[in-house]
Every structure is written in structure tokens, then in C-alpha cells.
Amino acid sequence: MVQRVLTTESGAPVADNQNSATAGVGGPILLQDQHLLEKLARFNRERIPERVVHARGSGAYGFFEVTDDVTAYTKAAFLSEVGKKTELFLRFSTVADSLGGADAVRDPRGFAVKFYTEEGNYDLVGNNTPVFFIKDPIKFPDFIHSQKRDPFTGKQEPDNVWDFWAHSPEATHQVTWLMGDRGIPASYRHMNGYGSHTYQWTNEAGEAFFVKYHFKTNQGIRCLSAEQAAEVVGKDANSHQTDLLQSIERGVNPSWTLYVQIMPAAEAADYRFNPFDLTKVWPHADYPLQRVGRLVLDRNPDNVFAEVEQAAFSPNNFVPGIGPSPDKMLQGRLFAYADAHRYRLGVNHTQLPVNAPKATVADNYGRDGFMATRNGSRHDKNYEPNSYSGPRQTDVPLSAPLAIHGWTGTHAAPQHTKDDDFFQAGELYRLMSEDEKARLVANIAGGLSQVSREDIIEKNIAHFAAADPEYGRRVEEAVRALRED
Ligand code: HEM
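Calculation rules
- Residues numbered from 1 in each chain as written.
- Predicted model: local features only at pLDDT ≥ 70, side-chain atom pairs only at ≥ 80, totals over all residues.
- UniProt positions renumbered as here; feature names shortened; annotations may be inferred.
- Helix = DSSP H or I, 4+ residues; strand = E, 2+ residues; numbered from the N terminus.
- Rg over C-alpha atoms; globule rule 2.2 N^0.38 Å.
- Buried ≥ 20, exposed ≤ 12 C-beta atoms within 10 Å, placed from the backbone.
- Contact = placed C-beta atoms within 7 Å.
- Near = placed C-beta within 6 Å.
- Nonpolar A, V, L, I, M, F, W, Y, C, P; charged D, E, K, R; others polar.
- Axes fitted to C-alpha atoms, helices over the stretch in contact; angles between N-to-C directions.
- Parallel < 35°, antiparallel > 145°, perpendicular 65-115°, else oblique.
- Core = buried A, V, L, I, M, F, W, Y, C linked by C-beta atoms within 7 Å.

Under an unreviewed UniProt entry, the protein has the name Catalase and belongs to Streptomyces roseoviridis. Here is the UniProt Sequence similarities (unreviewed entry) comment for the protein, exactly as written: "Belongs to the catalase family."

S.K.: In this structure, what is going on with the overall build of the protein? I would like to understand it.
M.R.: When its secondary structure is counted, the protein shows 12 helices and 10 strands. Taken over C-alpha atoms, the radius of gyration comes to 25 Å for the protein, in line with the 23 Å a tight globule of 485 residues would show. By principal-axis analysis of the C-alpha atoms, the protein measures approximately 80 × 65 × 45 Å. Scored against the burial criterion, the 485 residues of the protein give a buried share of 38%. For the protein, restricting intrachain contacts to residue pairs at least 6 apart in sequence, the fraction spanning at least 24 positions comes to 74%.

S.K.: Sorry, what's going on with the environment of Leu 482 here?
M.R.: Within the fold, Leu 482 resides in helix H12 (residues 469–484). A count of 14 C-beta atoms within 10 Å places Leu 482 in the partly exposed class. Placed 32 residues apart in sequence, Leu 482 and Gln 450 show a C-alpha to C-alpha distance of 8.9 Å.

S.K.: Honestly, the site of the ligand in this entry has me stumped. Any pointers?
M.R.: Lining the immediate surroundings of the ligand are 28 residues, of which His 54, Arg 91, Gly 110, Pro 137 and Ser 196 lie closest. Among the secondary structure elements, those contributing two or more residues to the shell around the ligand are strand E2 (85–94), strand E3 (109–117), strand E4 (120–127) and helix H8 (328–344). A class-by-class count of the residues in the shell around the ligand yields 15 nonpolar, nine polar and four charged.

S.K.: Is there a simple way to think about the packing of helix H11 (residues 454–467) against H12 in this case?
M.R.: A packed helix pair is summarised by two numbers, namely the angle formed by the two axes and the spacing between the axes. Here H11 crosses H12 at 150°, and the two axes come no closer than 5 Å. With respect to H12, the element H11 is oriented roughly antiparallel. Across from Ile 457, Ile 461, Phe 464, Ala 465 and Ala 467 in H11, the residues of H12 making contact are Pro 469, Tyr 471, Gly 472, Arg 473, Val 475, Glu 476 and Val 479. By residue class, the composition of the contact of H11 with H12 is nine nonpolar, one polar and two charged.

S.K.: Can you walk me through helix H9 (residues 423–431) in this structure?
M.R.: In an α-helix there are 3.6 residues to a turn, and that puts residues three or four apart on one side. Taken as a whole, H9 has its buried residues at Gln 424, Ala 425, Gly 426, Leu 428 and Tyr 429. Buried residues along H9 sit against helix H4 (172–179), helix H10 (434–448), H11 and H12.

S.K.: For this particular structure, what's the right way to read the packing of H4 against H9?
M.R.: Where H4 meets H9, the axes come as close as 7 Å, and the angle between the chain directions of the two elements is 25°. Here H4 is positioned roughly parallel relative to H9, judged by the angle of their axes. Residues Thr 172, His 173, Thr 176 and Trp 177 of H4 form the contact with H9, whose participating residues are Gln 424, Ala 425, Leu 428 and Tyr 429.

S.K.: Sorry if this is basic, but what is going on with the nonpolar core here?
M.R.: Across soluble globular proteins, nonpolar side chains show a tendency to be buried alongside one another. If you look at the biggest cluster of nonpolar residues, it comprises 52 residues, and the most contacted ones within it are Leu 88, Leu 90, Phe 115, Phe 209, Val 211, Tyr 213 and Ile 322. If one sorts the elements of this core by residue count, strand E7 (residues 208–217) sits on top with six residues. With residues up to four places along the chain from it excluded, the contact list for Ile 322 reads Thr 74, Ala 76, Tyr 122, Tyr 199, Trp 201 and Ser 399. In this structure, Val 161, Leu 278, Ala 445 and Val 479 belong to the second largest nonpolar core, which totals 34 residues.

So this is what it looks like as C-alpha cells:
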């Protein structure tokens, strides 16, 4: 084996990597020790800002394989043929805690997929929950502030968490989900992923459909109770990372089956629930699951920083045949992510290997900026239109246009006939077995009983009671019992 030579950043050989250069034995260090200066300075710059949410995560590469024909609904090339495979990268995450937090906590999980398709990268940035806490992006920074560490105490505060929910009745559905059994997945492999939002598919004929994505885990759903989770966190704060890494290293490749619910665009206006309200599901009896394909993870990244920390997903990275719906939350996200990446990773984050297209090439007139590695050659013009056979637009829209009407203004989301903040939360509660209900109530009471103000507690209990009177009564009794202790 040839012995490799240690070098400086500029490639010069390093004479001594154990002792810094000093003025005599025991004397002060010399400024001329280039290797020492470079090593310390580089070390100081190893960290970049962590994600403002979903800071903590794990990722892996794999592929998506089409198993069922969906060409009647979308012209997306990567979904065009049964048997077709597309390389992908998936990053899982927790939401609220910082990079150094623990994995086995009660929190939604991120489920962000980057499909490296031949028509460009398609990012589906979802969660392990089919719904979300709020329905308007203007509330997102307040919501996240209330769930993350308090700026004074430096830790998550039950007062803040529950105060926000007290003022957000639309969160009752997602809170019921989060406080239930699925609130703490046993691992990233043992949970489902959801696109959560409604998206739009467009077929070759230009017909539009609204779709919801469901990735069902083939490992089976496994969850932890609050007590089990506390034990796991004590033993291995990185339990999800350990599990994913080791399972793929052992060749036990986790997989998910992708299903979609499909709604013809014309049915959206009169559906009993607002189909663009992220706090609502579409019951499967209304729109059944249709299988599309399977997603398999089979390769761990070689470097967590380069490939997981620097991974950048944007819900507005669409490909032909897939587009946004008018869901206001989704519309807000179409701005927020790429903006976050420009801040966190820089304007050329799309050129990093994990983010760059793999099955096609990006070819446009964007140039320069920090760390640009794709700047064209001397023959490539940096403006368009031009007379030099540079890349041109296709004149083919990616997805069908969305019909709009009305006046500009700060409108609340439209209410469909069955829409309110509580009905679906009540349906979820009533679906649970008696044991599940008991654990749900205990989990809620465990947090809510720590709140210092009675009015905040009462408002939250009123939301659960509005979902189902029995649900409200049981939470109230459990909270009172804990507060009297
Ligand atoms: C208006 C609402 C939302 C806003 C403004 C928002 C904003 C953000 C921002 C700024 C990040 C950090 C991005 C980065 O630095 O890389 C992020 C990460 C993430 N968000 Fe959201 N978010 C919203 C709602 C949602 C919803 C509804 C979902 C799921 C359905 C979701 C899933 C995720 C995931 C999975 C990540 C981590 C992506 C990764 O692994 O890099 N977010 N979000």
C-alpha cells in the first residue's frame, strides 16, 4: 500500500502534525506555522447555521420503482412506466429540537424525498402526519417559536406550547394525532410518510387532478410509549440515526409503498371538506388509496455533513406533470425553503452533489456568487435570448393552471359544508380503542397539567370537548387529578 502524504490545503507536505512550531523548546508559537493556523481556522468554520426547524435528521439514498400505471393522471416521466426506477435521497427529521436534541421524542417527523428524475429533481417535503397544526403560513413563525426553546429559559415551555394551541383551535386534529400512539415512532423505518398537502397532477391531455401522497412503511408501524421513549433517550439519544444507519449497513433495506388519493379537479369546489386545508384529511371512503410504487433505501451517505446537513429540499422543485394546489400553507412553503437554503447554504446550494440533478443537467444563465462551480465555458453566453444556441424555454407549462376568482385581501380559508376545527379530531378520537384513548388522554394531561395558567388549560380542554364531549371530560379529569397531586 502506498503511504499517502499529509498536506496543507494548498497541497504542500506537512512535516509535523503532532507539535506546533515554537520559538525554541517551550517557547511561544510562531505565526509562520501555516499548518497550525490553517488547521485551527478551518476547524472554527466547520459549522453552518442549523435548520431553523427539522434541525436534527438522518438521510439515505435509494430508489423509487413504479409498480402501477398512473399515466392517466400525470405526465411525470419518472412515473411513466411500470418497472421504471429513479434514484432518490430521503432525509428524516424531528421538528422542534436543535441539532443536539434526542431522536425518541414526541414530535412530528419530517419525511423529505428528493427524486433525481430525468426531468429535474422533484422534492416532496412531507411529514409522518397526514395533517398539520395550522392552515395559514402567516402563523408558522409564531407556531414554531411557541414549540422551540424559550428565549429566556432556553428550554421548551409547556406554557408556550399550549398557549399557542389555546389560540389555534384548528390544531386540535394534529394535536390529537401527536399525543396519540403514533406521536413517538420507534424509528424512522417504522413510520409512514405523507405529502400532507394536496398537490396537483396533470396528464398528457392537460387534465388536472388533485392528489395526496401516502408512503406506507413495509416494516410495520412501531411506536414508543412516553416511558419507553424516556428510557431509549437515556440509552442512545441518536436512536433513530443508529437504527437507520445500522439497518442499511446490514443490508436490511427499509422500504415504503407509495399510494395516492386522486380527486378530479372538478370535484374540489363541492367536496364536503376544503381539499386545500392542511388540517383535514380526505377519508379513504371518499378517495381510496391507489398504489403507485415502492421506495427503497439501500445506501448510507459517506459524509453526514456533506450529504445530510447540506441537503436542501424545496417544495417548489416540481417536474412536468406535478404542481402546487392553492393550499395556502403550501404556497407559503414555496417561498420559505429556497430562501432558507440561500441563507444557510448559499446561492449555489443547488450545485452541491446531493442537491444537483443526477439524471439530467441544470442548464441556464445563472452565474457566479459564492462557491459557484457551474459557470459555463467561454462559449456559453450568460444572457437570453441569444443567437448562440444557448438553452431555450419549452413553452409547455409544467402543470395545469389553477382557476381563481374573487378579490385580493386577507381572507380566512373557505369553509366547505363539513368544515370546522373539530369534526375530524373527534372522528380520530372515536376511531381509537379504549387503551389508545387512555394513553392519549394521559399524554395530553402530562403536558397540559404543567401549564401555569388556568385560562390556557381551560381553552385547550374546550377544544377537546368540542371534538368529542367524552374526550374533553376525560382530559379535564386527568389534568385536575395531576394538578391536585
Ligand atoms: C408555512 C408552513 C411552513 C414553513 C414556513 C416551513 C418552513 C421550513 C423551513 C424554513 C425549513 C428549514 C429548511 C432548511 O433550512 O433546510 C423547514 C424544514 C422542513 N419542513 Fe417545513 N415549513 C412549513 C410547514 C411544513 C409542513 C406542513 C411540512 C410537512 C408536511 C414541513 C416539512 C418540513 C421538513 C420535512 C423539513 C426538513 C427538510 C429537510 O430534511 O431538510 N414543513 N420548513
